[in-house]
Amino acid sequence: MDSYTQKSTGYQIEDEASNLDEMPLMMSEEAFENDESDYHTLPRARINQRRRGLGWFLCGGWKVLCGSCCECLAHTCRRKKELKARTVWLGHPEKCEEKYPKNAIKNQKYNILTFVPGVLYQQFKFFLNLYFLVVACSQFVPSLKIGYLYTYWAPLGFVLAVTMVREAVDEVRRYRRDKEMNSQLYSKLTVRGKVQVKSSDIQVGDLIIVEKNQRVPADMIFLRTSEKTGACFIRTDQLDGETDWKLKMAVACTQRLPALGDLFSISAYVYAQKPQLDIHSFEGNFTREDCDPPIHESLSIENTLWASTVVASGTVIGVVIYTGKETRSVLNTSQSKNKVGLLDLELNRLTKALFLALVVLSIVMVALQGFIGPWFRNLFRFIVLFSYIIPISLRVNLDMGKSAYGWMIMKDENIPGTVVRTSTIPEELGRLVYLLTDKTGTLTQNEMVFKRLHLGTVSYGTDTMDEIQSHIIQSYAQVSSAPSNGSSASSTPSRKAPPSAPKVRKSVSSRIHEAVKAIALCHNVTPVYESRVNGASTEPESTEADQDFSDDNRTYQASSPDEVALVRWTESVGLTLVNRDLTSLQLKTPAGQILTFYILQIFPFTSESKRMGIIVREEATGEITFYMKGADVAMASIVQYNDWLEEECGNMAREGLRTLVVAKKSLSEEQYQDFESRYNQAKLSLHDRALKVAAVVESLEREMELLCLTGVEDQLQADVRPTLELLRNAGIKIWMLTGDKLETATCIAKSSHLVSRSQDIHVFRPVSSRGEAHLELNAFRRKHDCALVISGDSLEVCLRYYEHEFVELACQCPAVVCCRCSPTQKAQIVRLLQQHTANRTCAIGDGGNDVSMIQAADCGIGIEGKEGKQASLAADFSITQFKHIGRLLMVHGRNSYKRSAALGQFVMHRGMIISTMQAVFSSIFYFASVPLYQGFLMVGYATIYTMFPVFSLVLDQDVKPEMALLYPELYKDLTKGRSLSFKTFLIWVLISVYQGGILMYGALVLFDQEFVHVVAISFTALILTELLMVALTVRTWHWLMVVAEFFSLGCYLASLAFLNEYFGIGRVSLGAFLDLSFITTRTFLWKVCAITLVSCLPLYIIKYLKRKFSPPSYSKLSS
């Protein structure tokens, strides 16, 4: 018992230490120094709180307060449980001390109760909508009532209804997707046998059976498998975005048990560390108590099966250690946020400015009245009267516009298969400055192709592979024709001379043979045979029987696609890998002979050593050979002196090929025995085991014979180069964030022309402390105009100490490549750019590991790739190929932004004109707060009379799509945001005030005996002016625009005939139209035309002059 308490205190200490690890990364230097002095700053903070007065509250403090209240409530509702280390008993969920989260996937934003409040909060967060709510509610107060209720409530209700429906549809879709995942069935082992359970009902401690091609439902420790080897492959593409298969090992103790049921007859438990973000590491122990010395096994990452991975071979049984929110895949996905476009924020700012103008105008009106009587009530009546300054139709029009842009994007034949999933931010596509892209599967197809074999004196490319094939056939033909009585037959022609003979320059043929054989043997690839149609077993029974190794159903599995490419290539030139298990390899020669090699040792590839080795003994001759292949940096010092390796590696890298150096060394029996004893001794040592093992292996890695250099190409997606060039010319800075190795990332950056040929590449050296980071940053600062390549760990260190300086330097680079990035790091980089540059960012990726980055960016684009659909489902826009992004941004992004800017400002202009007219009208009639136009006219004005022409601005385009793609430089102008700014807004305000004044004064000056004519003349002139203004704003006519103009005019003329019967009579004669007799007279017509001409002609003249003397950049191109 005593030892147990000791243990638990040990765990507590570990926990406290790990709490330190969870300190936020985003700390500047000052924060480190000020840690102790926190209590000094408290009083100061309180004083600052006090200073925030009414002004602060009005200017946006209410939003901060509401937000913090909601957060506080949310926090108390779901208190974050501290994540703890745990002891899990096999098959006994009830023995767990803690209560662990439910294993359900939940991607919904709301539930039944929070849906309505949540959506309303998202809507009224906008000043615009909040303002309308207040105005509409004021109409319930009798003394403030102006006109009919429906004039205020109908538009507001419409906006909310549309939004609610849209959100509800999205929610239902999410709910269905989650339900599908949560109701997948799995077999659970119990004392009574197998039971089916739903994915969402799995608990910590359950023993779950996962079949081949099934998703792993929760984080598990891998206990046993149906495969004889005690290992299985899993696909992790939804977790880390890498499509290669990972090899996982079952816990030896449970794999040895004779039968499945024995898992219950033993008493064993797993101790697992607390849940963490890192998907590449795990520490734990497996203990079996019921045998005499208890068996302890250490567990590492290769004994784990993380949730969201897929079993690729065999059936596996595991014990669940983390569920639900604590699984690695959920910890690594960030909560999706509601994205709001920049344009919406800018319009929100403008509406606040308009609101101030409205209040000022109302106060002026009341002041001119002389503050007589109930002036406060009058002030509010004026505010409601002028409330048209801020048009509610703005949101309706913009939302409908966004839907229209989404529809246009989906209907564009040049980018088939594009889906708009977030319809609220199409304008963002026109404002991007940073594009953060994933590498594997986004820029590249993730299909490796063997391109080049270099032997030092001679190089073979794709077009000369048939020569290699003939050499191989020839060399093996010599062998098989020799008498095959065992000892005299040598399977390798190059060994005819005894090894002790002096080195003779080998013939090309034997060198090719050696090289191909080395490539065929030195790897970690397993051939897999799909089960035959006749129902025979999947395992080939007799090894020598040739029909088992039929070529048509063989596939290769390996943890790296490069290796598969190499083995496929040796198959294509005649040397085929047909079988592999833990102890042997079998190759088939072109003549159909089977050669067997016994595997004596394997030294796996690690990112530190950058090489892998294998020692094999050939069955026929008993020769022992040590083969090795690795990156040129690692191998250069190992192989014998030569003068071509470095140069050729450089040449291949410039072509964008991934290079591997292959070498070999023949060992005598004594040499090998000596090595083996030292190696085994090193493997058993307790201290510095890794170092000792490495030292023993290095004793072999000397003076190896260089065989060849191979080049494998990771093929780029179609048209990646021109697309990247297009984006660069458009002023977009491209950052490549990848989980891949540094060499590969640099390689692809060069071959995709992400980094142009003339540019230098600065590789940021690995740093681990503050001092190193400081030195490296200084070294980087001295370089000019060069691309930066940095690894995830170094990036973390730099951000911890020198966040601001690093981001500032990196933003000046033409291109940045971050390799070995975790999913959370990708999202962190996106947030950094948003905070430090205040520019719009776009993330594009295709795997589950890109989801957090896509959700964090202002605009996320997913590619439907080989890595599943997870990214394209989480993205705002989903495309089928990387090259489509060019058109998506240059054409659709440009149009959406320009059109929305024009539409937004025009709708505001439409409201300001009528408010100006109202102001002029009120000021002439003794500042009476009486509406100029009655309810139906006002509703009709904003809808049926002017809506179609104004909305037809959605079809406007300033540049033809071909032009926009030909001159991507035009895109640079958009990022400055000049289409919608305070300057353009003020111009529109001036236009509105001028036109409103002219229309009203004109009508008052020209009106006949009866006042009634003012309304008729001014309203008709107003409608005509609006229609002419639309015509003035349009840059490229579309037939629908013309239809809309004439349709609106027609509607208005028709309503002139009928409206007086509805409105004129019963009300005060203010809103009445006079009978048809006046409207059809000539005087009416000429007065209306005169007023309209005065209000519009000057603007047409100004526009013509501006076009002539300072045309915009695009008009120069289109002329």
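Residues numbered from 1 in each chain as written. Predicted model: local features only at pLDDT ≥ 70, side-chain atom pairs only at ≥ 80, totals over all residues. Heavy atoms only, no water.

Caption draft 1: Examining the overall build of the protein chain more closely. Of the regular secondary structure elements, the protein chain holds 39 helices and 33 strands. Considering the protein chain as a whole, with its 1119 residues, one finds that 51% of them fall into the buried category. Accessible surface, the protein chain: about 52200 Å² in total, of which carbon and sulfur atoms supply 59%. (Helix = DSSP H or I, 4+ residues; strand = E, 2+ residues; numbered from the N terminus. Buried < 20%, exposed > 50% of the residue type's maximum accessible area, 1.4 Å probe, protein only. Areas by Shrake-Rupley, 256 points an atom, 1.4 Å probe, with all protein chains shown as cover.)

Caption draft 2: Representation of the state of the cysteines within the structure. What the rule picks out here adds up to zero disulfides. We note that C253 lacks a disulfide partner, and the nearest cysteine sulfur, in C291, lies 6.6 Å from it. No disulfide involves C821; its sulfur sits 4.8 Å from the nearest other cysteine sulfur, which is in C818. For C821, a relative accessible area of 7% gives the class buried. (Disulfide = S-S within 2.5 Å.)

Caption draft 3: Representation of the sheet that holds strand β9 (residues 284-288) in the model. Ordered in space as β1-β8-β9-β10, the four strands form an open sheet in which the pairing is antiparallel. Looking at strand neighbours, the two that pair on one side only are β1 (86-89) and β10 (295-299), the edges of this open sheet. Averaged over all adjacent pairs, the angle separating strand axes in this sheet is 20°, with direction ignored. (Pairing = 2+ DSSP bridges. Axes fitted to C-alpha atoms, helices over the stretch in contact; angles between N-to-C directions.)

Caption draft 4: How the structure looks around the sheet that holds strand β7 (residues 245-249). Strand order in the open sheet formed by three strands is β7-β6-β12, and the pairing between neighbours is antiparallel. Both edges of this open sheet fall to β7 and β12 (310-311), since each of them pairs with a single strand only. Of the pairings in the sheet, the one linking strand β6 (residues 231-235) to β7 comprises five bridges and is antiparallel in character. When the sheet's bridge partners are listed, C232 is paired in β7 with K248.

Caption draft 5: Fine view of the pattern of salt bridges. Applying the stated criterion to the full structure yields 32 salt bridges. Put simply, E571 and R554 hold a salt bridge, and the shortest N to O gap is 2.8 Å. Pair noted here: E571 is in helix α17 (residues 561-572) and R554 is in strand β19 (residues 554-557), with a separation of 17 residues, a long-range link. D674 is the salt-bridge partner of R678, the closest N and O atoms lying 3.7 Å from each other. Residue R678 and its partner D674 are both found in helix α20 (residues 669-684); the two are separated by four residues, about one turn of the helix. Of the residues examined, R678 reaches a relative accessible area of 33% and is grouped as partly exposed. Looking at D674, the relative accessible area reads 42%, which means it is partly exposed. Look at the salt bridges and you will find they share partners, linking K439, D562, R658 and D714 into a network. (Salt bridge = Lys/Arg side-chain N within 4 Å of Asp/Glu carboxyl O.)

Caption draft 6: Expanded view of unusual backbone geometry. Within the chain, N213 stands out as a residue other than glycine whose phi angle is a positive 65°. Position of N213 among the secondary structure elements: in the loop between β4 (207-210) and β5 (219-225).

Caption draft 7: Examining the nonpolar core more closely. Core analysis: the biggest nonpolar cluster contains 91 residues, and I861, F877, I885 and L889 have the highest contact counts within it. With twelve residues, the top contributor of residues to this core is helix α29 (residues 884-924). When residues no more than four places from it in sequence are discounted, the contact partners of L889 are L429, L432, L727, I732, R894 and Y971. Grouped together as the second largest cluster of nonpolar side chains are 42 residues, A515, A520, Y556 and L707 included. (Core = buried A, V, L, I, M, F, W, Y, C linked by side-chain atoms within 4.5 Å. Contact = heavy atoms within 4.5 Å.)

Caption draft 8: Main features of a positive patch on the surface. Taken together, R978, K983, K1103, K1106 and R1107 make up a surface patch of like positive charges. Sort the elements by how many residues they give to the positive patch and helix α38 (residues 1082-1109) lands first, with three residues. For R1107, a relative accessible area of 41% puts it in the partly exposed group. (Patch = residues over 30% accessible without salt bridge, like charges linked within 9 Å, V, L, I, M, F, W, Y side chains within 5 Å. Lys, Arg positive; Asp, Glu negative; His and termini not counted. Charge placed at Lys NZ, Arg CZ, Asp CG, Glu CD.)

Caption draft 9: Representation of the side chain of R580 in the model. When you line up the elements, R580 lands in strand β20 (residues 576-580). Here R580 is buried and forms no salt bridge, its nearest opposite-charge partner E563 lying at an N-O distance of 7.0 Å. A polar contact is formed between the side chain of R580 and the backbone oxygen of H523, at a distance of 3.0 Å. (Polar contact = N/O pair within 3.5 Å; in protein donor to acceptor, adjacent residues only side chain to side chain.)

Caption draft 10: The packing of aromatic side chains, seen in detail. With the rule as written, the count across this model stands at 25 aromatic pairs. With 5.7 Å between their ring centres and 85° between their planes, F603 and Y679 make a pair best called edge-to-face. Remark: Y679 occurs in helix α20 and F603 occurs in strand β22 (residues 594-603); sequence separation between them is 76 residues. By the burial criterion, F603 is buried, and Y679 matches it. (Phe/Tyr/Trp six-rings, centres within 6.5 Å; stacked < 30°, edge-to-face > 60°.)

Caption draft 11: Up close: the packing of helix α5 (residues 115-124) against helix α7 (residues 150-182). Where α5 meets α7, the axes come as close as 11 Å, and the angle between the chain directions of the two elements is 125°. With respect to α7, the element α5 is oriented oblique. Here the hand of the crossing between α5 and α7 comes out right-handed. Each of F115, V116, V119, L120, Q123 and F124 in α5 lies in contact with α7, whose residues at this interface are V159, L160, T163, M164, E167, A168 and E171. For the contact of α5 with α7, the class distribution of residues is nine nonpolar, two polar and two charged. (Parallel < 35°, antiparallel > 145°, perpendicular 65-115°, else oblique. Left-handed = near helix turned anticlockwise from the far one by under 90°. Nonpolar A, V, L, I, M, F, W, Y, C, P; charged D, E, K, R; others polar.)

Caption draft 12: Looking closely at the packing of α29 against helix α34 (residues 982-1006). Two elements in contact, α29 and α34, have axes whose closest approach is 8 Å; the angle formed by their N-to-C orientations is 40°. If you check the angle between α29 and α34, you find them oblique. Pair α29 / α34 crosses with right-handed handedness.

Caption draft 13: Structural detail: helix α24 (residues 770-782). A rise of 1.5 Å per residue sets the reference length of α24, with its 13 residues, at 18 Å; its end C-alpha atoms lie 19 Å apart and thus fit the reference within 8%. Among the residues of α24, those classed as buried are A773, E776, L777 and F780. Looking straight down α24, one finds its buried side chains confined to an arc of 100°; they lie on one side. Facing away from the buried side of α24, by more than 90 degrees, are the exposed residues L775 and R782. Close packing links the buried residues of α24 with β28 (760-763), β29 (786-791) and α25 (792-812). (Expected span 1.5 Å × (residues − 1). Arc of directions from axis to C-beta.)

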